[in-house]
Amino acid sequence: MEVIIQDNPEEGCILGAKIIAKKIREKPDAVLGLATGRTPERLYRELVRLHREEDLDFSQITTFNLDEYVGLSPEHDQSYRYFMNEHLFRHINIDLAKTNVPAGNAADLHAECRDYEARITAAGGIDVQLLGLGRNGHIGFNEPTGSLRSRTWIKILSEQTLNDNAAVFGNRDSMPKHAVTMGIGTIMEARQIVLLAFGPAKVRAVMDMIEGPLAAVCPGSALQEHPRATVVLDDSSAAGLRYTDHYRWVDHNKLTWQRYD
Ligand code: GLP
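Worth saying up front: this structure is predicted, and the values here are computed from it rather than measured.

Asker: What should I look at first to understand helix α2 (residues 41-54) in this one?
Answerer: In an α-helix there are 3.6 residues to a turn, and that puts residues three or four apart on one side. Taking 1.5 Å as the rise per residue, α2 with 14 residues should run 20 Å; its terminal C-alpha atoms sit 19 Å apart, in good agreement. Residues of α2 that are buried: Arg-42, Leu-43, Tyr-44, Glu-46, Leu-47, Val-48, Leu-50 and His-51. The elements touched by buried residues of α2 are α1 (9-26), β2 (31-34), α3 (80-87), β6 (128-131) and β9 (193-197). Count one or two residues on from α2 and you reach Asp-55, which has phi positive near 60°.

Quick look at the structure:
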C-alpha cells in the first residue's frame, strides 16, 4: 500500500485525477472503476477541466461504478447514476452506453449482481478503481464484517452509514436501507486502486485501514493485500497514523508519474 499525504483535500483530488488521466492517456480504451460520495467531487471537476482544457479524451472509456442504493431509479436525484451524470458524464465526451452503474431498481437484484460481474469480466476487468472510505472503514457499500472475498452483492447499510448519509435524503425514513455493491473480491481484482480519504471524520478508519490488522471489521484493510493500491490522505485524515516516517510525503508537482507504469 502506497500512502501519500497531501496538505489538503484539493491537492489530494488533483493528484487522484492525475493518476486517472495518466491511465487514460496511456490506454484510451481503459476501464475505470468509479466512486460516489462527497470525497471525489473535486476529482471529477478536475477530470472535466482536463477534458475541456487539455483534451483528455473519454470517447473510448468504459466505466463501472461501485454501488447503487436499492430501490432508487436512475432518475432519482440521490441515485448514484444521477450523481455520476451530474458530476462527470454530462460534462465529458463519454459514450453513456459504456457507463455502468448497478441497477438498484432491477426486478431481480441477484441476477443484476451476477450480470454486473459478467459485464466487468467481458470488459476485460478494471484498470484503475477509484475508492472513498466510509467512517466505519467501508469501501463501496461493503460494510464491516462482510467477506473479504465477496462478489457484487446486496448489503444492509449499517447504522453509521444510515446516519452519515441520511441528511441528503431529508430524513432516515426515506433513505434506502440496502445497496447493491461490488464485493471486496471484485474491487481487489482491479489492476490498480486509488483510495481518497480526507478530513478528521476519517481518522479512525484510516488508522484501521493502514495500520490495523487485515480484517473484515475494516473492509478497507483488504487493500493491504493489493499489489498496487495508492491511498491519498490529507493532513487531517492522516493525523492518527503512527508510522508516518514510513510513508511518502509527496509534492505531486515534482513527480514524473513514471513510477505508476
Ligand atoms: C458512501 C459510498 C462510498 C463512499 C463513502 C464515503 O456511502 N457508498 O463509496 O466512499 O460512503 O462517502 P464520503 O466521500 O461522502 O465521505
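Asker: Would you explain the side chain of Glu-117 in this entry?
Answerer: Secondary-structure assignment places Glu-117 in helix α4 (residues 109-122). The class of Glu-117 is buried, set by a relative accessible area of 14%. Only 2.9 Å separates the side chain of Glu-117 from the side chain of Arg-151, close enough to count as a polar contact. Every residue in contact with Glu-117, bar those within four places of it in the chain, is listed here: Arg-151, Thr-152 and Thr-186.

Asker: Honestly, the environment of Ser-158 in this entry has me stumped. Any pointers?
Answerer: If you trace the backbone, Ser-158 turns up in the loop between β7 (153-156) and α5 (159-165). For Ser-158 and Ser-59, which are 99 residues apart along the polypeptide, the C-alpha to C-alpha distance reads 37 Å. Excluding residues that lie within four positions of it along the chain, Ser-158 makes contacts with Asn-136 and Glu-143. In this structure the side chain of Ser-158 is engaged in a polar contact, spanning 3.1 Å, whose partner is the side chain of Asn-136.

Asker: Just to check I follow, could you spell out the sheet that holds β7 for this structure?
Answerer: Either a parallel or an antiparallel arrangement is found when strands of a sheet pair, and the pairing is made through backbone hydrogen bonds. Strand order in this open sheet of 3 strands is β4-β8-β7, and the pairing throughout is antiparallel. Edge strands, defined here as strands with exactly one partner in the open sheet, are β4 (67-69) and β7. Averaged over all pairs of adjacent strands, the angle between strand axes in this sheet comes to 25°, irrespective of strand direction. Pairing between β7 and strand β8 (residues 178-181): 4 bridges, direction antiparallel. Looking at the pairing, Ile-156 lines up with His-178 of β8. Strand contacts of α4: β7 and β8, with the helix running at about 125° to β7, the strand carrying the most contacts.

So, how was this worked out
- Numbering of residues starts from 1 in each chain and follows the order in which that chain's sequence is written.
- Per-residue local features are limited, in this predicted model, to residues with pLDDT of at least 70; the limit for side-chain atom pairs, both in listing and counting, is 80 or more; totals at the level of whole chains, interfaces and linings are taken over all residues.
- Remark: hydrogens and water are excluded; side-chain values derive from all non-hydrogen atoms of the structure.
- Strands are runs of DSSP state E lasting at least 2 residues, helices are runs of H or I lasting at least 4, and numbering of each runs from the N terminus.
- To estimate how far a helix should extend, the number of its residues minus one is multiplied by 1.5 Å.
- Exposure categories follow from relative accessible area, calculated using a 1.4 Å probe and restricted to protein chains: below 20% of the type maximum is buried, above 50% is exposed, and the middle band is partly exposed.
- When checking whether two residues touch, look at their non-hydrogen atoms; a contact exists if any pair is within 4.5 Å.
- Polar contacts, as counted here, are pairs of nitrogen or oxygen atoms within 3.5 Å of one another; within protein the pair requires one atom able to donate a hydrogen and one able to accept it, and residues that are adjacent in sequence qualify only if both atoms are side-chain atoms.
- Whether two strands pair comes down to DSSP finding at least two bridges between them.
- All axes here are fitted lines through C-alpha atoms, helices being fitted over the stretch that makes contact, and every angle between N-to-C directions spans 0 to 180 degrees.

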